[in-house]
Amino acid sequence: MARRLLILEHETVHAASIVAHCERRGYSAEVTTTFTGFARSWSADVDLVILSLALSRSDGVEAIRFLGQKASEARLIITSDADPRILSAAHRLARARHLRVLGTIEKPCHERYLSELLGRAHTDVEEDSPFMEVQLARDELRRCLEAGLLRVYFQPKIDVRNLEFVSVEALVRLDHPARGLLRPDAFLAMAEESGLIPELTEAVTRDAFTWASRWRGIGIAPKMAVNISPLLLSDLALPDTLLAWAKALSLEPEMVILEVTETWLADDSIAALDTLTRLRLQGFQLSIDDFGTGYSTMAQLNEIPYGEMKLDQSFVRNAARDPEARAIVESSIELGHKLGMRVVAEGIERQEDWDLISDLNCDEGQGYFIARPMAPEELPGWLLHWNACLGGGALPPAREPAVVVA
Ligand code: C2E
Ligand code: CA
Ligand code: CA
C-alpha cells in the first residue's frame, strides 16, 4: 500500500514538484494550502508530513503545534524560504513537541536533499528521536521503586586540557521486568508529578555514594555528581539529609557535585536559595545543569554560589556546524569563567565537538565520544583502558560498553 504524504504548501509550483518527486518514491500525496485544510486532511495513518514555513503566515507553526497535540508519529520535513534561523527555530520547536523530524530544507527544495531525507524515512533512521516509547504509570512506578528496580549508571567527565578522568555523573535507570532497562524520560516526570521523587533521589544518591566509597577503596576517587530535582529544593531539610548520607560513607561533601537545572528559578526561589546556600556552606559543590535552556538572568547567576556550569547538550552538539549555537557556547564559557565557574560541555559526540570545546577553552567534557553511561562494575575496566590510551598521548576512541542504554 502506498505511504500517505500530507503536504502544507501555499505555493502550487513548489507543491507540484514535491508531489512528483515523492510519488516516484511510492507515496500517495495530498496537498493542502492552509492550516485548516491541513488539519481536516490529517489522520493518524499519515506516514510523512512536509510543512512549508512562510514569512507572514503562521500556518506552519500552527501545524507543528497541532501534530504535537495529536502525538503524531508521522515523519516530518520542514521547508522554508525565510531566514534560516526561522527554519532552525521551527526545527527545535518540532523536536520539543516530540515530533519525529527527518530534517529541514531551504527552498527551493533540491531533489537531492529531498531524496536524502526520504531515504532516512525508508531506512527508519531519524535525525534524532526524542519520541518517548514508554511512560510508566504512577502505580507501576511505585511498585518498581518498592521492588528495588532502580539502577544507577555512571558517565565519566574528563578534564579537557590534560584528558584526566575527574568525575562521574550518576544517571538513574529502571530495570523493568518486562520492558528492559528504561531511561529517565520514561519515568522521571511521573516521579516528580506523583511525589515519588524524594524516594527516587534517596535510592540514587545512596547508591552513588556507596559506589564512590567502594571505588575509593580500590584507588579510584572521582568526584560524584548527582542530579537533584528542582522540586526538592523547597525541602529545607535536604542539606542535612544529604550530609548525613555522605557522612555515613565517609564521603567528603567537597567530593560531591549537585547538579540542579536552571528551571527552579521559576518556582519557589526563596526556599531554593536557602537550601542551595546551606548546601554550599556544608561543602557540596553546586552545578547549574542544562545551562542555556532555563530562566537564569545574570543577576541570579551571580547570587547563587554555583561552582560549575554545564552547557546544555543541544548547543554543544550543534556548535561545530551551527554558528548561532557556537556563539552561545562560546559566550557561555566566557561568562562562566568570568563568574569563576568551571565549565563543562555535555553531549560531546564527535571529534569535531571535542576539538571545538577544547579550542574554546572549556574545562571539562562529557559525552558519547568519551564514554557512554555505564554500569558501575564496568567503570574500573573503562578507566584502565582510558589511562592506557592516554599513555600513548592520544584521545582514546569511544568504546561501546557491554550494554548500550543511552
Ligand atoms: P542530564 O542531567 O542533562 O544528563 C545527561 C543526559 O545526556 C543523560 O541522559 C545522558 O545519558 C545523555 N548523554 C550523555 N552524553 C551524551 C551524548 O554524547 N549524546 C547524547 N545524545 N546524550 C548524551 P539520561 O541518562 O537519559 O538522563 C536524562 C535526564 O534525566 C538527565 O539529563 C537528568 O536531567 C535526568 N536524571 C537522570 N538521572 C537522574 C536522577 O537520579 N535524578 C534526577 N532528578 N534526574 C535525573
Ligand atoms: Ca545532569
Ligand atoms: Ca543536560
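Up top is the structure these notes are about.
Residues numbered from 1 in each chain as written. Chains lettered and ligands numbered in written order. Predicted model: local features only at pLDDT ≥ 70, side-chain atom pairs only at ≥ 80, totals over all residues. Heavy atoms only, no water.

### What about the site of ligand 1?
Near ligand 1, the surroundings consist of 24 residues, among which Arg173, Arg183, Gln313, Glu349 and Tyr368 are the closest. Contact between ligand 1 and Gln313: an oxygen atom at 2.7 Å from a side-chain N or O atom of the residue. Burial of ligand 1 by the surrounding chains reaches 88%, relative to a free accessible area of 790 Å². Contributing elements (two or more residues each) for the shell around ligand 1: strand S7 (165–176), helix H8 (197–217), strand S11 (285–291) and helix H12 (313–319). Considering each element in turn, the shell around ligand 1 owes the most residues, four residues, to S7. By residue class, the composition of the shell around ligand 1 is ten nonpolar, six polar and eight charged. (Near = heavy atom within 4 Å. Polar contact = N/O pair within 3.5 Å; in protein donor to acceptor, adjacent residues only side chain to side chain. Areas by Shrake-Rupley, 256 points an atom, 1.4 Å probe, with all protein chains shown as cover. Helix = DSSP H or I, 4+ residues; strand = E, 2+ residues; numbered from the N terminus. Nonpolar A, V, L, I, M, F, W, Y, C, P; charged D, E, K, R; others polar.)

### Brief notes about the pairing of strand S2 (residues 27–32)
Along any regular strand, the residues point their side chains to alternate faces of the sheet. The sheet contact formed by strand S1 (residues 3–8) and S2 spans six bridges and is parallel. By the bridge assignment for S2, Leu5 is matched with Ala29. (Pairing = 2+ DSSP bridges.)

### Side note on helix H13 (residues 323–338)
Taking 1.5 Å per residue, 16 residues should reach 22 Å; H13 reaches 22 Å between its end C-alpha atoms and fits that length. Burial in H13 covers these residues: Ala325, Val329, Ser332, Ile333 and Gly336. Buried residues of H13, viewed axially, fall in a sector of 100°; they line one side. Relative to its buried face, H13 has exposed residues pointing more than 90 degrees away, namely Pro323 and Lys338. Tucked into the core, H13 has its buried residues touching S11, strand S12 (308–311), H12 and strand S13 (342–346). The N-terminus of H13 is capped by Asp322, whose side-chain oxygen sits 2.9 Å from the backbone nitrogen of Glu324. (Expected span 1.5 Å × (residues − 1). Buried < 20%, exposed > 50% of the residue type's maximum accessible area, 1.4 Å probe, protein only. Arc of directions from axis to C-beta. Contact = heavy atoms within 4.5 Å.)

### A closer look at the coordination of the calcium ion (ligand 2)
Around the calcium ion (ligand 2), the protein contributes the donor atoms Glu169 (OE), Asn227 (OD1), Glu259 (OE) and Asp289 (OD), which lie 2.1 to 2.3 Å from the metal centre. Donor residues for the calcium ion (ligand 2) sit on one chain with the sequence pattern E-x57-N-x31-E-x29-D. Here the calcium ion (ligand 2) and the calcium ion (ligand 3) are spaced 5.4 Å apart. Within this pair, whereas Asn227 is found in strand S9 (residues 223–228), its partner Glu259 is found in strand S10 (residues 256–261), the two being separated by 32 residues in sequence. (Donors = N, O, S within 2.8 Å, 3.2 Å for Na, K, Ca; no water.)

### Some details on the coordination of the calcium ion (ligand 3)
Distances from the calcium ion (ligand 3) to its protein donors, Asp290 (OD) and Glu346 (OE), fall at 1.9 to 2.0 Å. Taking relative accessible area as the criterion, Asp290 reaches 23% and is therefore assigned partly exposed. Judged by its relative accessible area of 7%, Glu346 falls in the buried class.

### Examining the environment of His10
Looking at the secondary structure, you find His10 in the loop between S1 and helix H1 (12–24). Sequence separation between His10 and Thr33 is 23 residues, and the spatial gap between their C-alpha atoms is 4.5 Å. Ignoring any residue separated from it by four or fewer positions in sequence, one finds His10 in contact with Thr33, Ser52, Ala54 and Arg57.

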